[in-house]
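Fold and geometry: a report
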Amino acid sequence: MTDRPKAKPSHEPSQDLTDAQAAMDEAWKVYEEKRHAYRKAIADELRASGISHAKMAALTSYTEETVRHIAREYKVPPKRKPTVRPLKD
């Protein structure tokens, strides 16, 4: 399957639109930086305090499952050993 040639836009965006897009791009970048900093702070708190994912979820705007994903992402060791063995040893 061949790609269709890209048509040249028939309209040149205004400076207002270009400026607004640049502002949105910058706001998104700042948001992502703050979101990652917040998630790292949660992981650091889990590691330092040893509280459960459920208790951390109650302190934050995240669900317990999201806190669990953050802990895995930042390699926070679990509070207890897994209770299920692998099928093959």
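Calculation notes
- Residues numbered from 1 in each chain as written.
- Predicted model: local features only at pLDDT ≥ 70, side-chain atom pairs only at ≥ 80, totals over all residues.
- Heavy atoms only, no water.
- Salt bridge = Lys/Arg side-chain N within 4 Å of Asp/Glu carboxyl O.
- Helix = DSSP H or I, 4+ residues; strand = E, 2+ residues; numbered from the N terminus.
- Buried < 20%, exposed > 50% of the residue type's maximum accessible area, 1.4 Å probe, protein only.
- Expected span 1.5 Å × (residues − 1).
- Contact = heavy atoms within 4.5 Å.
- Core = buried A, V, L, I, M, F, W, Y, C linked by side-chain atoms within 4.5 Å.

To continue, consider the pattern of salt bridges. Enumeration over the complete set of coordinates arrives at 6 salt bridges. A salt bridge links K40 to D44; the nearest nitrogen and oxygen atoms lie 3.0 Å apart. Residue K40 and its partner D44 are located together in helix 1 (residues 15–49), separated by 4 residues, close to a single helical turn. Since its relative accessible area comes to 41%, K40 is described here as partly exposed. A salt bridge links E65 to R68; its shortest N-O distance comes to 2.4 Å. On the criterion of helical spacing, the pair formed by E65 and R68 is a turn pair, its members being 3 residues apart in helix 3 (residues 64–73). Among the residues examined, E65 registers a relative accessible area of 39% and is labelled partly exposed.

This part is about helix 1. Between its first and last C-alpha atoms helix 1 spans 51 Å; for 35 residues at 1.5 Å apiece the expected length is 51 Å, and the two agree. For helix 1, the set of buried residues is R39, I42, A43 and L46. Looking at the buried positions of helix 1, the neighbouring elements they touch are helix 2 (53–59) and helix 3. Once helix 1 ends, the next one or two residues include G50, with phi positive near 75°.

On to the nonpolar core, then. Counting residues in each nonpolar core, the largest one holds 10 residues, listed as I42, A43, L46, M56, A57, Y62, V67, I70, A71 and V76. Of all elements in the fold, only helix 1, helix 2 and helix 3 reach the threshold of two or more residues within this core. Beyond its immediate sequence surroundings of up to four residues, L46 is in contact with I51, S52, H53, M56, V67, A71 and V76.

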